[in-house]
Amino acid sequence: MGMNDTPSSERLHIGFFGRRNAGKSSVVNAVTNQNMSLVSDKKGTTTDPVEKTMELLPLGPVVIIDTAGFDDGGTLGTMRVERTKAVLNRVDIAVLVVDGTIGMTSVENELVSLFEEKKIPYLIVFNKCDLLDNTTDGKIFVSAKNNTNIELLKDRIAKVVNAQKSDKRLCGDLVNKNDFVVLVIPIDSAAPKGRIILPQQQVIRDLLDSGAIPVCVRESELADTLKNLGTKPKLVITDSQVFKPVSEIVPNNIKLTSFSILMARYKGFLKTAVNGARAIESLNDGEKILISEGCTHHRQCDDIGTVKLPRLLKNYTGKNFEIVTSSGKDFPNNLSEFSLAIHCGACMLNSREIISRMNRSIESGVPFTNYGIAIAYMRGILDRSIEMFDE
């Protein structure tokens, strides 16, 4: 990620949906002012979701997603529609593009029902207004061909977005100006040379925005840092993998939590994740556990998801489990075969997608937690690491 890049997880995700040949991809190209999607008179030109990360005025950093026609048929068409439905799990706003010469049909009505079921803010836009006589009945009419009312459409999207904006913070609301905050960042074989991982970057930025003073150290320098700092830090935030040794160094009168716990709070599933971690106590020998990564990074020999967590689960419970892993967008729709789902911190997923994954787990009757909270629980320090959020 470049210094000037906004992470995809922090960008507004805008999905464009509709029937084949409604001009959906043409509207996407007009909105982005780029040939982002292939356009043709042939039905079903867009076969898979097409994504573009960009800056879009007046919205700012966004991810634009063009989807396959929702009326596609046949075996392949059904698979394409399923991929379109999967996009609904991560869009912040949906734009339904309707062929203005035909109007709303059962296909569009089904999409509207899905938007409302998933509580996705949406706009309905009627394309091909250059072929219509009456475009004055209060609907949004555009012509992708002539670029008519495209700026109006972008303004309408911006209004919906502004109505949904949240003032949530990662940790800036936990500190005051000039507070010292110590960040414990292990540097091991899994840490990319010259970089720190995204949650650490985001916490540093949020602290700076609050006027707090972040102090970054490795766990090996933590004790000396606390002794030489000259004042008690407001908070210590640690990487989950060194939670236990850090908790033994940090006095009980200093608040302690982890990047992963802050991320669960920021994404909106802290309470669920805490309850999910407590379900580890009731696991039975031989049960299936899903361990899921939101990204597709290169796995190291001592990878946390495939090696460290399974080992910790076995050592803590004394039981053997069947561990199933997933990564990237490959997250099951039905989790009923599992007894527990443990997700990564979801720094690469937007809030809507990780909440969708959480809801799928809950609907399947499966406890849901994340790496850091599960580790804190099994290390016996979960209560200490979340006590500040009860204030």
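Here, residues in each chain are numbered from 1, in the same order as that chain's written sequence. Restriction of local features to residues with pLDDT of at least 70 applies here, the model being predicted, together with a cutoff of 80 or more for giving and counting side-chain atom pairs; totals for whole chains, interfaces and linings are based on all residues. The side-chain quantities take in all heavy atoms of the structure and omit both hydrogens and water.

(A) Representation of the packing of aromatic side chains. A pair of aromatic rings is counted whenever rings of Phe, Tyr or Trp (Trp by its six-membered ring) have centres within 6.5 Å, and the orientation is called stacked for planes under 30 degrees apart, edge-to-face for over 60 and tilted otherwise. Counted according to the given criterion, the structure contains 5 aromatic pairs. With centroids separated by 6.2 Å and ring planes inclined at 65 degrees, the aromatic side chains of tyrosine 316 and tyrosine 377 adopt a geometry described as edge-to-face. On the criterion of sequence distance, the pair formed by tyrosine 316 in helix H10 (residues 304-317) and tyrosine 377 in helix H12 (residues 371-378) is long-range, its members being 61 residues apart. Accessibility expressed as a relative area gives 33% for tyrosine 316, which makes it partly exposed. Counting every residue linked through ring pairs, the aromatic cluster contains Phe17, Phe115 and Tyr122. Helix and strand definitions follow DSSP, with helices as H or I runs of at least four residues and strands as E runs of at least two, each counted in order from the N terminus. Think of it in three bands: with a 1.4 Å probe and only protein chains considered, a residue is buried below 20% of the maximum accessible area for its type, exposed above 50%, and partly exposed in between.

(B) Structural detail: the pattern of salt bridges. Put simply, a salt bridge is a Lys or Arg side-chain nitrogen that is within 4 Å of an Asp or Glu carboxyl oxygen. For the structure shown, the criterion picks out 18 salt bridges. Measuring nitrogen to oxygen at the nearest pair gives 3.3 Å for the salt bridge that ties arginine 20 to aspartate 71. Taken together, the residues arginine 20 in the loop between strand S1 (12-18) and helix H1 (24-32) and aspartate 71 in the loop between strand S3 (60-66) and helix H2 (74-87) connect sequence positions 51 residues apart. Here lysine 227 makes a salt bridge to aspartate 224, at a shortest N to O gap of 3.8 Å. With a gap of 3 residues between them, lysine 227 and aspartate 224 both fall in helix H6 (residues 222-228), about one helical turn apart.

(C) Quick peek at the sheet that holds strand S12 (residues 322-326). Here, a strand pair is defined by DSSP locating no fewer than two bridges between the strands. What the 4 strands build is an open sheet, ordered S12-S11-S13-S14; its pairing is parallel. Two strands lie at the open edges of the sheet, namely S12 and strand S14 (368-370), each paired on one side alone. Averaged over all adjacent pairs, the angle separating strand axes in this sheet is 25 degrees, with direction ignored. In this sheet, strand S13 (residues 340-343) lies alongside strand S11 (residues 288-292) in parallel orientation, the contact comprising 4 bridges. With axes taken as lines fitted to C-alpha atoms, and helix axes fitted only over the stretch in contact, angles between N-to-C directions fall between 0 and 180 degrees.

(D) How the structure looks around the side chain of arginine 357. For arginine 357, the location among the structural elements is in helix H11 (residues 351-363). A polar atom in the side chain of arginine 357 sits 2.7 Å from the backbone oxygen of glycine 328. If we ignore the near neighbours within four places in the chain, the residues touching arginine 357 are Ser292, Glu293, Gly294, Gly328, Lys329, Phe331, His343, Leu349 and Phe368. Here a polar contact means two N or O atoms within 3.5 Å. Within protein one must be a hydrogen donor candidate and the other an acceptor candidate, and residues neighboring in sequence count only if both atoms are side-chain atoms. The contact criterion used is simple: two residues touch if any of their non-hydrogen atoms lie within 4.5 Å.

(E) Quick look at the nonpolar core. Throughout, nonpolar core names a set of buried Ala, Val, Leu, Ile, Met, Phe, Trp, Tyr and Cys residues whose side chains join them through atoms within 4.5 Å. With 75 residues, the main nonpolar core has Val182, Leu183, Val203, Val236, Ile237, Ile342 and Ile373 as its most contacted residues. Among the elements that make up this core, the one with the highest residue count is H12 (7 residues). Every residue in contact with isoleucine 342, bar those within four places of it in the chain, is listed here: Ile289, Leu290, Ile291, Ser292, Leu309, Leu313, Thr369, Asn370, Tyr371 and Ala374. Ala22, Ile93, Val95 and Ile140 belong to the second largest nonpolar core, which has 27 residues in total.

(F) Structural view of the confidence of the model for the protein. Residues of the protein with pLDDT of at least 70 account for 91%, and the chain-wide mean is 89. By mean pLDDT, H2 is the weakest element of the protein at 84, and strand S7 (residues 180-184) is the strongest at 98. The predictor attaches a confidence to each residue, called pLDDT, with possible values from 0 through 100.

(G) Focus on the environment of asparagine 127. Tracing the chain through its elements places asparagine 127 in strand S5 (residues 122-127). Residue class for asparagine 127 comes out buried when judged on its relative accessible area of 3%. With 105 residues separating them along the chain, asparagine 127 and alanine 22 place their C-alpha atoms 7.0 Å apart. Filtering out sequence-adjacent residues up to four positions away, asparagine 127 remains in contact with Ala22, Gly23, Val27, Val97, Val98, Asp99, Gly100, Val142, Ser143 and Ala144.

(H) Representation of the state of the cysteines within the structure. Whenever a pair of cysteine sulfur atoms sits within 2.5 Å, that pair is classed as a disulfide. Taken as a whole and assessed by the stated rule, the structure comprises 0 disulfides. Summary of cysteine pairing: cysteine 216 is not part of a disulfide, and the nearest cysteine sulfur, belonging to cysteine 171, is at 11 Å.

(I) Region of interest: the pairing of S5. In this sheet, S5 lies alongside strand S4 (residues 93-99) in parallel orientation, the contact comprising 6 bridges. Bridging from a neighbouring strand, alanine 94 pairs with tyrosine 122 of S5. For the handedness criterion, the strands are oriented away from the viewer, and a crossover whose path from the first strand over the helix to the second runs clockwise is classed as right-handed. This β-α-β element, S4 to helix H3 (residues 106-117) to S5, shows right-handed connectivity. Across 2 bridges, S5 lies against strand S6 (residues 140-141) in parallel orientation. The residue bridging phenylalanine 126 from the neighbouring strand is phenylalanine 141, located in S6.

(J) Spotlight on the sheet that holds S1. Reading across the sheet, the 6 strands line up as S2-S3-S1-S4-S5-S6 and stay open at both edges, with mixed pairing between neighbours. The outermost strands of the open sheet, each flanked by one partner alone, are strand S2 (50-56) and S6. Packing against the sheet, helix H4 (residues 150-164) makes contact with S1, S2, S4, S5 and S6, and its axis sits at approximately 170 degrees to S5.

(K) Structural context of the environment of alanine 341. Tracing the backbone shows alanine 341 in strand S13. A residue is classified by how much of its surface remains accessible, and alanine 341, at 2% relative accessible area, is buried. A C-alpha to C-alpha distance of 23 Å links alanine 341 and valine 91, two positions 250 residues apart in sequence. Those residues in contact with alanine 341 that lie beyond four places of it in its chain are Leu290, Leu335, Ser361, Val366, Pro367, Phe368 and Thr369.

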